[in-house]
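Reading the structure
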Amino acid sequence: MTFSLIQTYAVSESSVKILHDVLTDIKNYPPVCNTFTRNGFQSYNVISRIPNVVLQELCDKSQEYLNLVVKNCTYYESYIDYLHLIHYNTGGWQEGHTHNSLEDYSFILYLNNSDGDTVIYEGKNTVRITPECGKIVFFSSNYFHESSVCFNEKKVAVGSLRFRQKIWKSRQ
């Protein structure tokens, strides 16, 4: 069996609810233009609007992922560079794209149960992920990915992970 850079984890109901509520609130603001989101609303970077408790949980999950995919990970830490919220209307989808020049790894957190699978191409393998509330999927930012058309509204948080070397301080 081959190791996959596509990994899923679970996020707490309370964090999902907070993100869902922020999405409901920000839909009153203009959406970001020139995105790959079709027939839906995509927010600007909302990281400053997210409570620390939610960001900490997402960082903890990303660190678990980092521990799995990076050798000598004790020398690195992950951080979230941006976080967008997306609400796909019925018939909405995400055009295929990568983030390889923007980030190290990407993630998608599903905020409701829906259809419109996420499709990630990992080399010769095609991985389909069905949206389930609270599921977060991490993957390499250079993997081409897209979503199928959803016939039910779908809500997600998408984000960018960056890794940096830990700074060790002297005990002096």
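Since this is a predicted model, take the numbers as computed values, not measurements.

So, how was this worked out
Residues numbered from 1 in each chain as written. Predicted model: local features only at pLDDT ≥ 70, side-chain atom pairs only at ≥ 80, totals over all residues. Heavy atoms only, no water. Pairing = 2+ DSSP bridges. Helix = DSSP H or I, 4+ residues; strand = E, 2+ residues; numbered from the N terminus. Patch = residues over 30% accessible without salt bridge, like charges linked within 9 Å, V, L, I, M, F, W, Y side chains within 5 Å. Areas by Shrake-Rupley, 256 points an atom, 1.4 Å probe, with all protein chains shown as cover. Salt bridge = Lys/Arg side-chain N within 4 Å of Asp/Glu carboxyl O. Axes fitted to C-alpha atoms, helices over the stretch in contact; angles between N-to-C directions. Contact = heavy atoms within 4.5 Å. Phe/Tyr/Trp six-rings, centres within 6.5 Å; stacked < 30°, edge-to-face > 60°. Buried < 20%, exposed > 50% of the residue type's maximum accessible area, 1.4 Å probe, protein only. Core = buried A, V, L, I, M, F, W, Y, C linked by side-chain atoms within 4.5 Å.

1. Quick notes on the pairing of strand β6 (residues 125-129)
Where strand β5 (residues 118-122) and β6 come together, 5 bridges link them in antiparallel fashion. Considered in β6, the bridge of Thr-118 is made with Ile-129. Hairpin connection from β5 to β6: 2 residues lie between these consecutive antiparallel strands, with Gly-123 at a positive phi of about 65°.

2. Section: a nonpolar patch on the surface
On the surface, Trp-93, Val-149 and Phe-151 cluster together into a nonpolar patch covering about 300 Å² of accessible area. Relative to the helices and strands, Val-149 resides in the loop between β8 (144-147) and β9 (154-165).

3. Considering the sheet that holds strand β2 (residues 37-42)
Reading across the sheet, the 6 strands line up as β1-β7-β4-β9-β3-β2 and stay open at both edges, with antiparallel pairing between neighbours. The open sheet terminates on both sides in strands that have one partner only, identified here as β1 (7-10) and β2. Pairwise comparison of adjacent strand axes, ignoring direction, gives a mean angle of 30° for this sheet. Both strand β4 (residues 105-110) and β9 contribute to a ladder of 6 bridges, which runs antiparallel. Bridge pairing in β9 places Ser-106 opposite Ser-160. Relative to the sheet, helix α1 (residues 13-26) contacts β2, β3 (76-94), β4 and β9, its axis offset from that of β3 by approximately 60°. Packing of helix α2 (residues 52-69) onto the sheet brings it into contact with β1, β3, β4, β7 (135-140) and β9, and relative to β3 it is tilted by some 110°.

4. What about the packing of aromatic side chains?
Scanning the model with the defined rule gives 6 aromatic pairs in all. Note on Tyr-65 and Phe-138: the rings are 5.0 Å apart at their centroids and 20° apart in plane angle, and the pair reads as stacked. Residue Tyr-65 is found in helix α2, and its partner Phe-138 is found in strand β7; the two are separated by 73 residues along the sequence. Overall, the relative accessible area of 0% leaves Tyr-65 in the buried class. A relative accessible area of 0% means that Phe-138 is categorised as buried. Aromatic side chains Phe-107 and Phe-138 sit 5.8 Å apart centroid to centroid with 55° between the ring planes, which places their arrangement in the tilted category. Here Phe-107 is found in strand β4, whereas its partner Phe-138 is found in strand β7, with 31 residues between them in sequence.

5. Considering the nonpolar core
Ranked by internal contacts, the top residues of the largest apolar core, which has 42 residues, are Leu-19, Ile-50, Leu-85, Leu-109, Ile-136 and Val-137. Mapped by element, the contributors of at least two residues to this core are α1, α2, β3, β4, β7 and β9. Tallying contributions element by element places α2 first for this core, with 6 residues. With residues up to four places along the chain from it excluded, the contact list for Val-137 reads Ile-6, Gln-7, Thr-8, Ser-106, Phe-107, Ile-108, Tyr-110, Ile-120 and Ile-129.

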